[in-house]
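# Chains, contacts and geometry: an overview
Here is how the chains run, residue by residue.
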Amino acid sequence: MANSDKVKKAAPKTAKAGTIKLPLNKIVQGDCIEVMNSLPEKSVDVIFADPPYNMQLKDTLTRPDNSKVDGVHDAWDQFSSFGAYDHFTYEWLTAARRVLKDTGSIWVIGSYHNIFRVGNALQNLDYWILNDIIWRKSNPMPNFRGTRFTNAHETLIWAGKSADKSGYTFNYDAMKAMNDDTQMRSDWVLPICAGKERLKVGDKKAHATQKPEALLYRVLMASTKPGDVILDPFFGTGTTGAVAKKLGRNFVGIERETDYIKVAQERITAVKKLDDEALGYTLSKKAQPRVPFGNLVERGMITPGETLYDSNKRYAARVRTDGTLIAEEVKGSIHQVGARVQGQPACNGWTFWHVEKKGELLPIDVFRQEIRAEMH
């Protein structure tokens, strides 16, 4: 059995909070509340939770041809009342908040049966809602009875630890790059889990509510970095673990059901982590290393006395030994001089100024990117 697929038993109920070492890339068998309460405080970067939906199904659902619909009838989705479900929700969200880093965030997915109750609990526990995401299913299950609209979407709530806890990861530029350089919206059109991706034991679904890997791929790409720790307290058949391993993230899975754990282990063992080059993604400008213009000068990429121009050669400025520019009587940084010559309040000097090399005008930002590439 591979190291990433080992199963650990839940800590005993008497274990003190935070006494158990974080079980990286392992599945812990046990109650999610007990296990989370035994983990180190502020130890995980992101939580993805797919809790029971409490669907309150009473009758067997059949298709028009009288064949039975394979819905959710498992014991883990059944609660005696809304009050019992709310109590469970508050308990696991409280435990989750304790293990989440101050810079961390949490994702919770649900349907109309439970997501409003979960959202209420999140806010009452001082989580700060960042977005609600509509996962619009491109191939939803029809409403066979014809008594209401087809349930064609689920909702994900993305929240920070609190309003005053900043620093959570959001890979805005990577999301934009994935969406053909268009800002990613909060409505995601993705198919439900079907075909070869749907895990089965014999001729039956291994899990009634298995989530598609495409959904977790987008969640983890949006809110985590390679090496981050993602906790899934309702691990099921391991979609979170499989995608985390592929993307070079660490996971901690918590699951009660032995049958689900067995399927998840086999699944994750078969996953191969992407190589370091493939794991690269578009970083936001804020996340990239700072490179002063003076670095270009001292390294000889641009020499003192050289003339910089705008792209149309309407403006010119000479480079001084300390990396400042001079244009007529104007002196200062690449940004200050760029703004003054144009009569503008501000200017991005990196994109405004160009240098002539072998008869070609190159934006000075080209050289900054060279230095950044070396840093990485």
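The rules behind these values
- Residues numbered from 1 in each chain as written.
- Predicted model: local features only at pLDDT ≥ 70, side-chain atom pairs only at ≥ 80, totals over all residues.
- Heavy atoms only, no water.
- Helix = DSSP H or I, 4+ residues; strand = E, 2+ residues; numbered from the N terminus.
- Buried < 20%, exposed > 50% of the residue type's maximum accessible area, 1.4 Å probe, protein only.
- Axes fitted to C-alpha atoms, helices over the stretch in contact; angles between N-to-C directions.
- Parallel < 35°, antiparallel > 145°, perpendicular 65-115°, else oblique.
- Left-handed = near helix turned anticlockwise from the far one by under 90°.
- Contact = heavy atoms within 4.5 Å.
- Nonpolar A, V, L, I, M, F, W, Y, C, P; charged D, E, K, R; others polar.
- Phe/Tyr/Trp six-rings, centres within 6.5 Å; stacked < 30°, edge-to-face > 60°.
- Lys NZ or Arg CZ within 6 Å of the ring centre and 35° of its normal.
- Core = buried A, V, L, I, M, F, W, Y, C linked by side-chain atoms within 4.5 Å.
- Polar contact = N/O pair within 3.5 Å; in protein donor to acceptor, adjacent residues only side chain to side chain.
- Pairing = 2+ DSSP bridges.
- pLDDT = per-residue confidence, 0-100.

## Here's the deal with the environment of Ile 268
Residue placement: Ile 268 occurs in helix α7 (residues 258-269). You can call Ile 268 buried: its relative accessible area is 0%. Distance in space between the C-alpha atoms of Ile 268 and Lys 246 is 9.1 Å, their sequence separation being 22 residues.

## With respect to the packing of helix α6 (residues 239-246) against α7
Contact geometry for α6 and α7: axes closest at 9 Å, N-to-C directions at 15°. Compared by their axis directions, α6 and α7 come out roughly parallel. For the pair α6 and α7, the crossing hand works out as right-handed. Where α6 abuts α7, its residues Thr 239, Gly 241, Ala 242 and Lys 245 lie against Arg 267, Ile 268 and Thr 269. Its residues assigned to classes, the contact of α6 with α7 shows 2 nonpolar, 3 polar and 2 charged.

## Quick word on the packing of aromatic side chains
For the structure shown, the criterion picks out 12 aromatic pairs. Residues Trp 158 and Phe 170 carry aromatic rings whose centres are separated by 5.6 Å and whose planes lie at 50° to one another, so their mutual orientation is tilted. You can see Trp 158 sitting in strand β6 (residues 153-160) and its partner Phe 170 sitting in the loop between β6 and α4 (172-178), a full 12 residues away along the chain. Judged by relative accessible area, Phe 170 falls into the partly exposed class, the value being 39%. Measuring from ring centre to ring centre gives 6.2 Å for Tyr 315 and Phe 352, while their planes differ by 40°; the resulting arrangement is tilted. One end of the pair, Tyr 315, is in the loop between β12 (307-309) and β13 (316-319); the other, Phe 352, is in helix α10 (residues 349-352), with 37 residues separating them in the sequence. Residue classification places Phe 352 among the buried positions, given a relative accessible area of 14%. Taken together through their ring pairs, the aromatic side chains of Trp 107, Trp 158, Tyr 168, Phe 170, Tyr 172 and Trp 188 make up a single cluster. Note that Arg 97 overlies the ring of Tyr 127, its terminal NZ or CZ placed 5.7 Å from the centroid.

## So, the nonpolar core
If you look at the biggest cluster of nonpolar residues, it comprises 33 residues, and the most contacted ones within it are Ile 47, Trp 92, Ile 106 and Tyr 127. Sorting the residues of this core by element identifies α1 (32-38), β3 (44-49), α2 (82-99), β4 (100-110), α3 (115-124), β6, β10 (229-232) and β11 (250-255) as the ones contributing at least two each. Apart from residues lying up to four places away in sequence, Ile 106 is in contact with Ile 47, Trp 92, Leu 93, Ala 96, Leu 100, Leu 122, Tyr 127, Ile 157, Trp 158 and Ala 159. Ranked by size, the runner-up nonpolar core spans 30 residues in total, among them Ile 133, Leu 190, Leu 215 and Val 243.

## Considerations on the side chain of Asp 50
Along the chain, the position of Asp 50 falls in the loop between β3 and α2. Reaching out from Asp 50, the side chain makes a polar contact with the side chain of Lys 211 at a distance of 2.9 Å. Excluding anything up to four places from it in sequence, Asp 50 contacts Ile 109, Thr 209, Lys 211 and Phe 234.

## Some points on the sheet that holds strand β14 (residues 325-327)
Taken in spatial order, the 6 strands make up an open sheet running β15-β14-β13-β12-β16-β17, and their pairing is antiparallel. The strands lining the two open edges of the sheet, one partner per strand, are β15 (330-332) and β17 (360-363). Looking at each pair of strands side by side, their axes are set apart by 35° on average, direction ignored. Where β12 lies against strand β16 (residues 354-357), 2 bridges are found, and the strand directions are antiparallel. Bridge pairing links Leu 308 to Val 355 in β16. In the packing of helix α9 (residues 334-342) onto the sheet, the strands contacted are β13, β14 and β15, and the crossing angle to β15 comes to about 155°. In the packing of helix α11 (residues 365-375) onto the sheet, the strands contacted are β16 and β17, and the crossing angle to β17 comes to about 55°.

## What to know about unusual backbone geometry
A positive phi angle is found at Asp 181, which is not glycine, with a value near 60°. Counting through the fold element by element, Asp 181 comes out in the loop between α4 and β7 (187-190). Residue class for Asp 181 comes out exposed when judged on its relative accessible area of 60%. One non-glycine residue with positive phi stands out, namely Lys 313, at about 60°. In this fold, Lys 313 is placed in the loop between β12 and β13.

## Some thoughts on α9
Of all the residues in α9, the buried ones are Ile 334, Val 337, Gly 338 and Ala 339. Next to the buried residues of α9 lie α8 (293-298), β13, β14, β15 and α10.

## Observations regarding the confidence of the model for the protein chain
On average, residues of the protein chain score 89 in pLDDT, and 89% of them reach the 70 mark or higher. A low-confidence stretch, residues 1-5 (pLDDT under 50), is modelled with 14 contacts involving residues beyond four sequence positions or located in other chains.

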